[in-house]
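Okay, here's what each chain looks like letter by letter:
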Amino acid sequence: MRPLATAASMAAMDKDTMENFGLPGRILMETAGRESARIISDNFPLRKKSVLVLCGTGNNGGDGWVAARYLLGWGWDIHVLLAGPPEKLSPESRINKTLYEKAGGRVFMAEDAAALKGPEQALFRADLFVDALFGIGLDRPVQGFYAGLMERVKESGGAVVSLDIPSGIHADTGAIQGKALKASHTITFGFAKPGLLLEPGRSHSGKIHVVDIGIPEVISQKYPPRVEQVTKKWAAAQLPKRSAASHKGHFGHLLLVAGAPATRGAAVLAATGALRSGCGLISLAVPETSLPLPGILPEIMVQGLKGDGKGFSSQATENLLPLLAGKSLAAAGPGMGTGKTAAAMLRILLESPLPLVLDADALNLLAQHGDLMDLLSCKKEACVLTPHPGEMARLCGMSVQAVQEDRIRAARDFAMEKDCHLLLKGAATITATPQGLCRIITEGNPGMATGGSGDVLCGIIAGLMAQGKPADTAAPLGAFLHGMAADHLAEKQGPQGYLPSEVAAVLPEIFKSITTGSAWKS
Ligand SMILES: NC(=O)C1=CN([C@@H]2O[C@H](COP(=O)(O)OP(=O)(O)OC[C@H]3O[C@@H](n4cnc5c(N)ncnc54)[C@H](O)[C@@H]3O)[C@@H](O)[C@H]2O)[C@H](O)CC1
Ligand SMILES: [K+]
């Protein structure tokens, strides 16, 4: 896993490093600025082109002054625009502004829009802008003068390199605070921030470079990350292992309850996802009125329970009970329907001793029936819920917009409050444990936004749990494998139009590429 740091934990680590470890802030800033200059120099062969460094009044601006001084010394055509009142300069920024000027650097001051109408206009013809306006200190929406400044940068069409965070992007959520710059590179200090990986922050960050500014392990280990990014290396280490003596009994038996007649394809896709993840045995329980199931693989054992034109009928609950025996876990929801019987069947599963994966209609039933939600909270065995933002909004009684504004908080709060595991789909996928540990999965692409994709993911996660993977591993690992398979198809076939069933079908190749480290990007 790649540890991520929120703005608060980053500021605390900085402070702890300066005050207790004894590494002065000026040295941290000097390192941040010099490393930024080196990365800029390595990535922009513009030596003789013009560069405008935009410095805010805080320490993000301080990094900008240091970077400007090094680039100046290496022969770059540098100007710095101090955006904001000089009297507000932070101490370290003030010192580094002075050093930059002593080194012969050119400074322009601007505190309001009028200042940008004079000769400074020429500055905006720069080929490259270094964005040192705001970092983790952004604490309110960007507006007025700063918004106008950002507009000028956008209109210029010049490339942007952001220091620490693209200015205007919230470090923890990736939300745009009023207005934000869009960078082709972001050079971030100490640790990557969640906001660089979550949309829209992710598409504003460009290539992310994480710079070690000298915060020692003895300090950073005092701030265990509450958010991590799933890496290919971690996924490879988590894949279920198989010995030569393995047999299907070693890889679990999943009971999947799904597939009302009108949505029986969802059951087929979820079962296929589970099978392709390596699950040993799969019993698929659908209403008998959904049979025969189109495209069902022969490896899936299909049970027809009592049903009618709409879905499971009342006797289906009696049919379900004997199916629980001998199963490793149950998954429910894909195309299951949300009628009275479906609710009764979900109750049986919640009251059973089986771990659960709940998706789609099972989530809508939880949102509609408070007593089922209570059973979820009291259930001792692991439960993984896999909502998309709309289902999450219904589960939490929030608007979709509120969920999307802070996806990590929404996922973490629900998981901790309901004592369950939660996977919030979207770009990027978030998983949260009952202890509040969150993971971000950046694999995946917009081509996955099609009916059936979530059914396959539900099956993959259930299949991994059937093989003995604990829920806090199966959810992020399943999302990683699913996203990587979709990325492979987007690369091979095209950005959209590939099928969820094809995503399931390439999983064996993904397992191979992860374990043998083949060329595929992680
Ligand atoms: N702390 C350290 O030792 C290091 C920090 N590094 C860099 O410092 C920034 C964080 O600096 P900070 O001074 O806390 O805040 P910012 O520079 O990010 O913010 C600037 C300043 O702007 C004001 N402000 C916030 N939002 C707005 C707004 N919307 N409009 C106008 N003004 C706004 C706010 O009051 C802030 O004071 C960190 O990101 C790093 O880049 C070094 O990297 C290393 C050590
Ligand atoms: K910035």
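Residues numbered from 1 in each chain as written. Chains lettered and ligands numbered in written order. Predicted model: local features only at pLDDT ≥ 70, side-chain atom pairs only at ≥ 80, totals over all residues. Heavy atoms only, no water.

1. As for helix α14 (residues 389-396)
Inference 1: In terms of burial, α14 is largely enclosed, as six of its eight residues are buried.
Inference 2: For α14, every residue scored as buried is listed here: P389, G390, E391, M392, A393 and L395.
Inference 3: Where α14 is buried, its residues meet α12 (361-368), α13 (370-378), β15 (383-385), α15 (400-405), α16 (407-418) and β16 (421-424).
Inference 4: Of the residues one or two after α14, G397 is the one with positive phi, at around 65°. (Buried < 20%, exposed > 50% of the residue type's maximum accessible area, 1.4 Å probe, protein only. Helix = DSSP H or I, 4+ residues; strand = E, 2+ residues; numbered from the N terminus. Contact = heavy atoms within 4.5 Å.)

2. A closer look at the coordination of the potassium ion (ligand 2)
Inference 1: Here the potassium ion (ligand 2) is held by N60 (OD1), D131 (O), F134 (O), L163 (O), I165 (O) and S167 (OG), and the distances to it run 2.6 to 3.1 Å.
Inference 2: Metal-centred angles of 69 to 174° between the six donor atoms at the potassium ion (ligand 2) mark the site as irregular.
Inference 3: All donor residues of the potassium ion (ligand 2) come from one chain, and their arrangement in sequence is N-x70-D-x2-F-x28-L-x1-I-x1-S. One end of the pair, D131, is in strand β5 (residues 128-132); the other, L163, is in strand β6 (residues 159-163), and 32 residues separate them in sequence. For the pair shown, D131 and L163 are each scored as buried. (Donors = N, O, S within 2.8 Å, 3.2 Å for Na, K, Ca; no water. Tetrahedral: all angles 85-135°; square planar, octahedral: opposite > 155°, others 65-115°.)

3. As for the site of ligand 1
Inference 1: Every one of the 21 residues lining ligand 1 counts as a neighbour, but N60, D63, G135, G137 and D164 are closest to it.
Inference 2: Contact between ligand 1 and N59: an oxygen atom at 2.9 Å from a main-chain N or O atom of the residue.
Inference 3: In the environment of ligand 1, a nitrogen atom lies 3.2 Å from a nitrogen or oxygen atom belonging to the backbone of P141.
Inference 4: Taken by itself ligand 1 offers 840 Å² of open surface, and the protein chains cover 82% of this.
Inference 5: For the shell around ligand 1, the element with the highest residue contribution is helix α3 (residues 59-73), accounting for three residues.
Inference 6: Tallied by class, residues from the shell around ligand 1 come to 11 nonpolar, five polar and five charged. (Near = heavy atom within 4 Å. Polar contact = N/O pair within 3.5 Å; in protein donor to acceptor, adjacent residues only side chain to side chain. Areas by Shrake-Rupley, 256 points an atom, 1.4 Å probe, with all protein chains shown as cover. Nonpolar A, V, L, I, M, F, W, Y, C, P; charged D, E, K, R; others polar.)

4. Some thoughts on the UniProt feature "binding site: AMP" (unreviewed entry) in the chain
Inference 1: UniProt records the feature "binding site: AMP" (unreviewed entry) for K425, G426, A427, A428, T429 and G454 in the present numbering. Spanning 30 residues, the named residues form one tight spatial group whose C-alpha atoms are at most 14.2 Å apart.
Inference 2: Among residues more than four places away in sequence, those in contact with A427 are L198, E199, R202 and R407.
Inference 3: Its place among the elements puts T429 in strand β17 (residues 429-432).
Inference 4: In this view, T429 contacts R407, L423, L424, R439, I440, I441 and A479; residues no more than four positions away in its chain are not counted. (UniProt positions renumbered as here; feature names shortened; annotations may be inferred.)

5. Brief notes about the packing of aromatic side chains
Inference 1: Scanning the model with the defined rule gives five aromatic pairs in all.
Inference 2: Ring geometry for Y70 and W74: centres 5.9 Å apart, planes at 55°, overall tilted.
Inference 3: With a centroid separation of 5.1 Å and 55° between ring planes, the pair formed by F145 and Y146 is classed as tilted.
Inference 4: Given a relative accessible area of 19%, Y146 falls into the buried group.
Inference 5: Aromatic ring contacts, followed pair by pair, group F134, F145 and Y146 into a single cluster.
Inference 6: Cation over ring: R152 sits above F124, and NZ or CZ is 4.6 Å from the ring centre. (Phe/Tyr/Trp six-rings, centres within 6.5 Å; stacked < 30°, edge-to-face > 60°. Lys NZ or Arg CZ within 6 Å of the ring centre and 35° of its normal.)

6. What about the sheet that holds β5?
Inference 1: Read across the sheet, seven strands follow the order β4-β3-β2-β5-β6-β7-β8 without closing on themselves; strand pairing throughout is parallel. Two strands bound the open sheet, and with one partner strand each, they are β4 (107-110) and β8 (207-211). Each strand axis lies, on average, 20° off the axis of its neighbour in the sheet, ignoring direction.
Inference 2: Running at roughly 155° to strand β7 (residues 185-189), helix α2 (residues 25-43) makes contact with β5, β6, β7 and β8 of the sheet. (Pairing = 2+ DSSP bridges. Axes fitted to C-alpha atoms, helices over the stretch in contact; angles between N-to-C directions.)

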